[in-house]
Amino acid sequence: MTQATIGEDGILKTKLDNGLTVLIKETHHAPVASFWVWYRVGSRNELPGTTGVSHWVEHMQFKGTPKYPASDLDKSISRNGGAWNAMTYFDWTTYYEILPADKIDMCIDLEADRMMNSLFEPEEVESERTVILSERSGSENSPSWLLYEQVLASAFRVHPYHHTVIGDRIDIETMTRDDLFNHYKRHYVPSNAVAVLVGDVDAEHYLKVIEEKFGHIPAGEPTPNVKRIEPAQLGERRVTVNREGQTPFVIVAYPSVEITHPDFFAVAVLDTILAGASSFNFMSTASTSNKTSRLYRALVDTELAAGVGGGMTASIDPYLFSIYAVVREGRELAEVEEAIHAETDKLAAGEITVAEFEKALKQTKALFAYDSESVSSQGFWLGFAETLVGDYTWFDDFLDKLMAVTLDDVKRVAAELFQSNKRTVGWYVPTDNN
Amino acid sequence: MATATSSTQPHTLPGPETVTRVELENGIIVLVRENFMSPSVVVEGALRSGALLEPTEKAGLASFHSSMVTRGTENYTFDELYEEIESNGASLSVGSGRHTTTFGSKSLAEDLKLMLTLQADVLRRPTLPQEQIEKVRGQKLTNLQLRAYNTRAMASLTFAELAYPNHPFATSSSGYMETVQAISRDDLLAHQKTLGPRGAIIVIVGAVQAEHAIDLVRETFGDWTNPDQPDAPLAPDAAPLTEKTKKMVPIPGKSQSDIVMGVPGPRRNAPDYQAARMANSILGVFGLMGRLGDSVREQQGLAYYSYSRLNGGLGPGAWSISAGVAPENVEQAVDSIEAEIRSMVEQPVSAEELADNHSFFKGQLQLGLETNDGVAGTLFNMELYDLGLDYLLNYEAMIDAVSIEAIRAAAAQYLNPDAYALAIAGPGQADES
């Protein structure tokens, strides 16, 4: 049996012989538990022709195995009083369940089973094709999503971050069952996965349960890193989307830093100063308003925009720092864009006060504290850090790394980030202004 | 401060022994549940004034007012107020519904006094400055423009018009371009006079001793009086629909159509509410979106989403089904949904479905009580809907008592496959019947 002890941080971490990383944290504040399986594969690992395959495979994981047939699978968690879902992103795909703690065993069995036994029946693939086309159509109904897709495609010429997670319509229309099944078999393997359990459980007992359920699965190979790193941008890029509507939008995006970059936390502080505080945790219920942020004051207070936002994403490879604004009725795209550039120019010139800097630190600390309240948000943090960084202690050390950031660091990264010749600007220009 | 004698037993369901409930002299009900296992404190509250008090030609007034109260008070300018909130990593919100003005905050425990002070200030002493009125009006008008091109929002809006003829729920509580244009500062000042302490609810959950929390509410809200406070409004019953009504709202340039169909549903305190809730779960929630998810999404692959919701509150909120489908599949999806409604009304659900949903409801209760936000929301609903402090303690027995016949009866009481409102928004031609 795999031996492991619980660390001083209360977390048991070990790796099974087949390479599956296991993280378990006992927390006894409520009689609930959350189980996660993370795969280090996402749309970043896709090639033209099969863009969107990671997301579609995630859908197919709800279509059954011989042991858990489709007709019963989606009822099995609910029957036990739980909730479950899955998420696909650029860098990762994850599956999770939240249940009363005494019911958590069945979902460990289910996740182990669907790591290798999903059927991918051809008729289920065809039925899901139309569901995913419908999901994409729903996204296309949103003007901001349409513009965002174009900005990504412009900002990333080489790196696969250039396509959205759902993938290109033509690929969804033409991908085959074998494309999906091959992706599943290649990437859904223990050496490419992290299992996380958080909740009102006995860690050592559940390590045995996880080993019993997952230990026999062949190791497979980890997903290789992406080689096609984006070359430096040599000038501003601009893109326009025309479609029916009345309300223009603008997006301004700059190349940002990856999660392991030494300046990651300095950029996070900069993000909070510019756009307001937000959490990297997808399960977060913590939020705060952004009415004292630079962007709100410069664009909404001045009646140029009806709404603003933006910020960075925690990613394996360098992604974008993006800013968006909804143009207020009666105002022009050009003046809104100009106001955004004026704000980033000020930050790049070092115009940041000590008070703004300290406020950003306190906001981020508070959101982090709220995010540690539920088993699902803790499960997210641990799996996310282990999957992206390869070391969950990134989460343990989050506040220390944040507090180590200095005002000078923030000024320096602002100057490095906000360079006009590196940005991509997107305009949504509605065609019906009657 | 935490003490060894704290009443908090996190694995104990909140009930009369672990929730402190007091009524202040001015009529505010305060409920507190201590939880020293997390650093935050959540406040959730409501005053008994909402959109039902606004004139139809000023639709959106209550919503406009709730957006305005944080725009300046006798003690804080807009900037000062948000500097206090955001510099402490806290959040504060004010909103409005049909029956209530809701408010709340989340902060670290040490900032609870500040957050209650700010909430009292925005609700009791807003100055409603004219220049801020115009800022907020511009944002609201832009949002209404966006709504006009949003298929989901337009389907919902149109559904309400069809499902609630001659009823206040037919009117959008966000208002319309012309009504929001027409709202003046005098209208906002008049609406301010409808706010008062009588019947108000304030729930506090988190790392604070109950006695201290109640003292803080007394300090900040205890001297509030409003002799002119109107009686709490209550939405009238909605007449059951007698035929199918349908309206298609064309929105050019869209890839997908959104469907909303349904009927007026039960109020939250209706005797058959739990049975209707379980019928709704079987129809469009349980598993991945119940029978609707199975039929429309899983078997026919027609939609990314297809689910049903029961929205009963103080008023007869809608029991509605929503789906997003390709324009050419709208008819097939509507036929499938109608067939599922017919089955719910005419056929008993299976013993397996009953057992599954009994255990689903009981397990979901535990999940919903994990966080301070979850506990605060639950206690708030218990008070608002007069469910009793022992509601959670009786919950399992209440769920177990819901029978197959009660589910069918509740479905038949409200749903009707031959009489419902259907709204569709998406690409295509206008169509009304």
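Residues numbered from 1 in each chain as written. Chains lettered and ligands numbered in written order. Predicted model: local features only at pLDDT ≥ 70, side-chain atom pairs only at ≥ 80, totals over all residues.

Enquirer: Kindly report on the overall build of chain B, identifying the contributing residues and their values.
Expert: Across its full length, chain B carries 15 helices and 12 strands. The globule rule puts the C-alpha radius of gyration for 433 residues at 22 Å, and the 23 Å found for chain B is close to it. In chain B, of all internal contacts separated by at least 6 residues, the share reaching a separation of at least 24 is 82%. (Helix = DSSP H or I, 4+ residues; strand = E, 2+ residues; numbered from the N terminus. Rg over C-alpha atoms; globule rule 2.2 N^0.38 Å. Contact = placed C-beta atoms within 7 Å.)

Enquirer: Tell me about the domain arrangement of chain B, and please be specific about residues and values.
Expert: Where interface size is quoted, it is often the accessible area lost as the parts come together. All names here are of chain B. The domain boundaries assigned to chain B delineate domain 1 (20-221) and domain 2 (245-432). Using only C-alpha atoms to locate each centre, domain 1 and domain 2 end up separated by 28 Å. At the junction of the two partners, domain 1 supplies 28 residues and domain 2 supplies 32 residues. Contributions of two or more residues to the side of domain 1 that touches domain 2 are made by strand 2 (29-34), strand 3 (40-47), helix 5 (151-163) and strand 6 (201-206). Sorting elements by how many residues they give to the side of domain 1 that touches domain 2 places helix 5 first, with nine residues. Of the residues assigned to the side of domain 1 that touches domain 2, the class counts are 15 nonpolar, eight polar and five charged. (Domains from an automatic or database assignment. Nonpolar A, V, L, I, M, F, W, Y, C, P; charged D, E, K, R; others polar.)

Enquirer: Give a detailed account of the interface of chain A and chain B, specifying residues and quantitative values.
Expert: Contacts between chain A and chain B engage 54 residues on the former and 57 residues on the latter. Breaking the side of chain A that touches chain B down by element, the ones donating at least two residues are helix 2 (70-79), strand 5 (93-100), helix 4 (122-140) and helix 12 (354-371) of chain A. Broken down by class, the residue content of the side of chain A that touches chain B amounts to 17 nonpolar, 21 polar and 16 charged.

Enquirer: Tell me what's going on with the domain arrangement of chain A, and back it up with residues and numbers.
Expert: All names here are of chain A. For chain A, the assigned domains are domain 1 (11-214) and domain 2 (237-430). For domain 1 versus domain 2, the separation of C-alpha centres amounts to 27 Å. Opposite the 35 residues of domain 1 that make contact, domain 2 presents 28 residues. At nine residues, helix 5 (residues 143-155) tops the list of elements feeding residues into the side of domain 1 that touches domain 2. Its residues assigned to classes, the side of domain 1 that touches domain 2 comprises 21 nonpolar, nine polar and five charged.

Enquirer: So what's going on with the confidence of the model for chain B? Which residues, and what values?
Expert: Detailed reading of the predicted coordinates is not advisable wherever pLDDT falls low. Residues and elements named next belong to chain B. For chain B, per-residue confidence averages 94 on the pLDDT scale, and residues scoring 70 or more make up 97% of the total. This model gives residues 1-9 a pLDDT under 50, and the stretch forms 10 contacts once residues within four places in sequence are excluded. Prediction confidence for the complex, expressed as pTM and ipTM, is 0.93 and 0.90 respectively. (pLDDT = per-residue confidence, 0-100.)

Enquirer: A description of the environment of Leu162 of chain B should follow, citing residues and the corresponding values.
Expert: Locating Leu162 of chain B in the fold gives a position in helix 5. Ignoring anything within four residues of it in the chain, the contact list for Leu162 of chain B reads Thr245, Lys247, Ala421 and Ala423 of chain B.

Enquirer: So, the pairing of strand 6 of chain B: which residues are in play, and what are the values?
Expert: Residues and elements named next belong to chain B. The buried fraction of strand 6 is high, at six of six residues. Burial along strand 6 is two-sided: Ile201, Val203 and Val205 and Ile202, Ile204 and Gly206, pointing in opposite directions, are all buried. Across six bridges, strand 2 lies against strand 6 in parallel orientation. Each bridged residue has a counterpart across the sheet, and for Val30 the counterpart in strand 6 is Ile202. (Buried ≥ 20, exposed ≤ 12 C-beta atoms within 10 Å, placed from the backbone. Pairing = 2+ DSSP bridges.)

Enquirer: Explain helix 1 (residues 61-68) of chain B to me, using residue names and the numbers behind them.
Expert: Residues and elements named next belong to chain B. Across the eight residues that make up helix 1, a large majority, eight, are buried. Those residues of helix 1 that sit buried are Leu61, Ala62, Ser63, Phe64, His65, Ser66, Ser67 and Met68. Packing partners of the buried residues in helix 1 comprise strand 4 (91-96), strand 5 (101-108), helix 4 (130-148), helix 6 (177-182) and helix 7 (185-192).

Enquirer: Could you give an account of the packing of helix 1 (residues 53-60) of chain A against helix 7 (residues 177-187) of chain A, naming the residues involved and the relevant values?
Expert: Residue and element names in this part refer to chain A. Where helix 1 meets helix 7, the closest approach of the two axes is 9 Å, and the angle between their N-to-C directions is 85 degrees. Classified by the angle their axes make, helix 1 and helix 7 are roughly perpendicular. Here Val53, Ser54, Trp56, Val57 and Met60 of helix 1 come into contact with helix 7, specifically with Asp179, Leu180, His183 and Tyr184. Grouping the amino acids of the contact of helix 1 with helix 7 by side-chain chemistry returns six nonpolar, two polar and one charged. (Axes fitted to C-alpha atoms, helices over the stretch in contact; angles between N-to-C directions. Parallel < 35°, antiparallel > 145°, perpendicular 65-115°, else oblique.)

Enquirer: Tell me about unusual backbone geometry, residues and numbers included.
Expert: Residue and element names in this part refer to chain B. Located in the positive-phi region is Leu128, a residue other than glycine, with phi close to 50 degrees. One can find Leu128 in the loop between helix 3 (112-124) and helix 4. Phi is positive for Met289, close to 75 degrees, though the residue is something other than glycine. Structurally, Met289 can be placed in helix 10 (residues 286-299). Note on Met289: 22 C-beta atoms within 10 Å, which makes it buried.

Enquirer: Let's hear about the packing of helix 2 of chain A against helix 12 (residues 351-368) of chain B: which residues, and what values?
Expert: Between helix 2 of chain A and helix 12 of chain B, the least distance of the axes is 8 Å, while the angle of their chain directions is 45 degrees. In terms of orientation, helix 2 of chain A lies oblique with respect to helix 12 of chain B. Residue-level inspection shows Lys75, Ser78 and Arg79 of chain A of helix 2 of chain A in contact with helix 12 of chain B, the latter providing Asp356, Ser359 and Phe360 of chain B. Split into classes, the residues belonging to the contact of helix 2 of chain A with helix 12 of chain B amount to one nonpolar, two polar and three charged.

Enquirer: Residues and numbers for the pairing of strand 8 (residues 257-264) of chain B, please.
Expert: Residue and element names in this part refer to chain B. Buried residues dominate strand 8, accounting for eight of its eight residues. As paired strands, strand 8 and strand 10 (residues 318-325) are joined by eight bridges and run antiparallel to one another. Pairing of Asp258 across the sheet is with Gly324, part of strand 10. Sheet topology places strand 8 next to strand 11 (residues 421-426); five bridges connect them, and they run antiparallel. Within strand 11, the residue paired with Gly262 across the bridge is Ala421.

Enquirer: Give me the lowdown on helix 7 of chain A, citing residues and values where you can.
Expert: Residue and element names in this part refer to chain A. Listing the buried residues of helix 7 in full gives Leu180, His183, Tyr184 and His187. All buried residues of helix 7 project into a common sector of 100 degrees when viewed along the axis, lining one side. In this structure, the buried side of helix 7 is in contact with strand 3 (32-39), helix 1 and helix 4. (Arc of directions from axis to C-beta.)

Enquirer: Give a description of the sheet that holds strand 5 of chain A that names residues and reports values.
Expert: Note: strands within a sheet are paired through backbone hydrogen bonds, in either parallel or antiparallel orientation. Residue and element names in this part refer to chain A. Read across the sheet, six strands follow the order 1-2-6-3-5-4 without closing on themselves; strand pairing throughout is mixed. The open sheet is flanked by strand 1 (11-15) and strand 4 (83-88), the only strands paired with a single partner. Ignoring strand direction, the axes of neighbouring strands in this sheet form an average angle of 10 degrees. Of the strand pairs in this sheet, strand 3 and strand 5 are connected by eight bridges, and their pairing is antiparallel. Its bridge partner lying in strand 5, Ala33 is registered against Leu99.

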